[in-house]
Amino acid sequence: MNRLLHTLPVIDHPAAAARFLHDADRATWHDASLWQVRRKRDRAAAMVEEWEELRALASAIKEHTLSHLDTYLEAFERHATANGIQVHWAADAAEHNRIVLDLLRRHGARRVVKSKSMLTEECGLNPFLEAHGIEVVDTDLGERIVQLANDAPSHIVMPAIHYRQEEIGALFHAKMGTEAGADEPAYLAAAARRDLRRRFLEADAAITGVNFAVAETGGFVVCTNEGNADLGAHLAPLHIACMGLEKVIPRLDDLGVFLRLLARSATGQPITVYTSHFHRPPPGRALHVVLVDNGRSAQLARPAYRASLKCIRCGACMNTCPVYRRSGGHSYGAPVPGPIGSILMPGADPVRYASLPFASTLCGSCSDVCPVQIDIHDQLYAWRQDVTRAGGVSRAKRWFMQMAGWLLAHPRRYRVAGAALRRLLRHLPRRLLYARPNTWGRARELPPVPPQTFRDWYRTHRPAPEHPADMP
Ligand code: SF4
């Protein structure tokens, strides 16, 4: 693995998670809110009899597409161009941002309405455009909230999930003059809608993401629950759609498979409220698609991690992950947080994101809910080994893990060490037991030491063998 030169600070997930957990009420409420979404996803999935077949099919379509990515991308470009869409290729975030800025300048656009797009977050498009005098307004309600708060999204589907209702009320009062203390969701949504309507009408250009681009037709699909992408794209004379290379799918027939999985996995809805198809620019308007690599080809070339490119950004792995739910999206310091972010981001910068593959219990729940069957927990485990080999883990932790490996590899050693530790724990004074190196004990009380090991307990309690051959 290459050690990339990085200019941004290294993300310390455990420290950031500890800060989030400091506000115990918020952490509990965050955990519960996401678990509700996970449960809705479970109910929606259970109502589709062929759910597992759909997942397998989606995974196979993505596998096939990734194996012929160049062919499908070229087919998409060919058909899109024939439809009157102008297609651009960007090797990285900087080129993507330059292309978008050039297009806006060429059309004399100064005010932009943008719908939710993780790719533009990844490329840092908003600050780049603002630095060049372009006003960008995020029109997805959650994105708008974090934009008004000068904050970053903490979830790819619910960007403002870390905000409480009353905090949004106070924010809207400060920024939009809503009534002080008013925090009813309907009232706040109406205020945001009023404010955004004016922005939509004044916009010179609309920027959207792309959920799926169909190689066969040269069209693309944008899914939103608020219709904001559609309104922006239909009102503004210029529409720029930004998509990562992995968003292409071969045929229109494949689309139904993904649409059935996406909304159910994301929010438990049968389908997203607005599933809009864009095939050509309306008369007198311009439609551009920017195809962005930004590290995706490199990820495709890593056999252990290429399946991460199957991701359709539903967020289900975040909603189920016990670490994400309890540590909050910002603790990952990445545009895509949670389990999928933890396997994508080290590919982008293995030094900066070295702590992310360890932000998991490896319980496998992420892989279980993933609608495209990405083996997320296996990849997390593989990244841990790569990061450790590349020196991304502290010497103390490496030493400790080596010791643990040595101990666990030999049953006899393990038994002797366990017996010694049990005796020691009974007599060790608290100040030594809970001393600094015991980071686990900082937040928890150790359970009482059991009088015997499980092995001893089992020996006396196991059922009698039915056949003599079963006797040890
Ligand atoms: S990895 Fe799977 S579960 Fe997670 S966001 Fe992507 S598609 Fe959804």
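The structure this text deals with has already been given above.
Cut-offs used in this document
Residues numbered from 1 in each chain as written. Predicted model: local features only at pLDDT ≥ 70, side-chain atom pairs only at ≥ 80, totals over all residues. Heavy atoms only, no water. Helix = DSSP H or I, 4+ residues; strand = E, 2+ residues; numbered from the N terminus. Buried < 20%, exposed > 50% of the residue type's maximum accessible area, 1.4 Å probe, protein only. Pairing = 2+ DSSP bridges. Axes fitted to C-alpha atoms, helices over the stretch in contact; angles between N-to-C directions. Contact = heavy atoms within 4.5 Å. Salt bridge = Lys/Arg side-chain N within 4 Å of Asp/Glu carboxyl O. Core = buried A, V, L, I, M, F, W, Y, C linked by side-chain atoms within 4.5 Å. Near = heavy atom within 4 Å. Nonpolar A, V, L, I, M, F, W, Y, C, P; charged D, E, K, R; others polar.

Negative phi is the rule for most residues except glycine; trans is the rule for most peptide bonds. A positive phi angle, close to 55°, is found at R313, a residue other than glycine. Along the polypeptide, R313 turns up in the loop between α13 (296-300) and α14 (316-320). Classification of R313 by relative accessible area gives buried; the value is 15%. One non-glycine residue with positive phi stands out, namely L362, at about 60°.

Let us now look at the sheet that holds strand β4 (residues 205-208). Each strand in a sheet pairs with another by means of backbone hydrogen bonds, the pair being arranged parallel or else antiparallel. Taking strand neighbours across the sheet as the criterion, the six strands line up as β1-β10-β7-β4-β2-β3 in an open arrangement whose pairing is parallel. Two strands bound the open sheet, and with one partner strand each, they are β1 (86-90) and β3 (135-138). Shown here is a sheet whose adjacent strand axes are inclined to one another by a mean of 20°, direction ignored. Examined bridge by bridge, strand β2 (residues 111-114) and β4 share three bridges and lie parallel to one another. Opposite V113, over in β4, you have A206 as the bridge partner. Its contacts with the sheet put helix α4 (residues 69-83) on β1, β7 (238-244) and β10 (286-292), and the angle it makes with β1 is roughly 150°.

Moving on, we come to the sheet that holds strand β6 (residues 219-224). Pairing within the open sheet is mixed, and its four strands lie in the order β8-β5-β6-β9. The outermost strands of the open sheet, each flanked by one partner alone, are β8 (248-249) and β9 (274-278). Packed on one face of the sheet, helix α12 (residues 252-266) meets β5 (212-214), β6, β8 and β9 and runs near 170° to β5.

Here we take up the pattern of salt bridges. Tallying each qualifying case throughout the model produces 23 salt bridges. Across the pair D386 and R389 runs a salt bridge, and its minimum N-O distance is 3.0 Å. Note that D386 and R389 are positioned in helix α18 (residues 376-389) at a spacing of three residues, about one turn of the helix. Notably, a salt bridge pairs R430 with E445, separated by 2.9 Å at the nearest N-O pair. Residue R430 is found in helix α21 (residues 430-433), and its partner E445 is found in the loop between α21 and α22 (454-461); the two are separated by 15 residues along the sequence. Salt bridges sharing partners connect three or more residues here, namely R144, D195, R198, R199 and E202.

Counting residues in hydrophobic clusters, the biggest one holds 57 residues, and the most contacted among them are F212, F258, I340, I374 and I376. At seven residues, the largest contribution of residues to this core is made by α12.

Attention now goes to the environment of G181. On the secondary structure map, G181 appears in the loop between α9 (165-176) and α10 (185-202). Residue classification places G181 among the exposed positions, given a relative accessible area of 71%.

What follows deals with the site of the ligand. As a matter of local geometry, the ligand sits amid 13 residues, with C311, C314, G315, C317 and C370 nearest to it. The residue inventory of the shell around the ligand, partitioned by class, reads eleven nonpolar, one polar and one charged.

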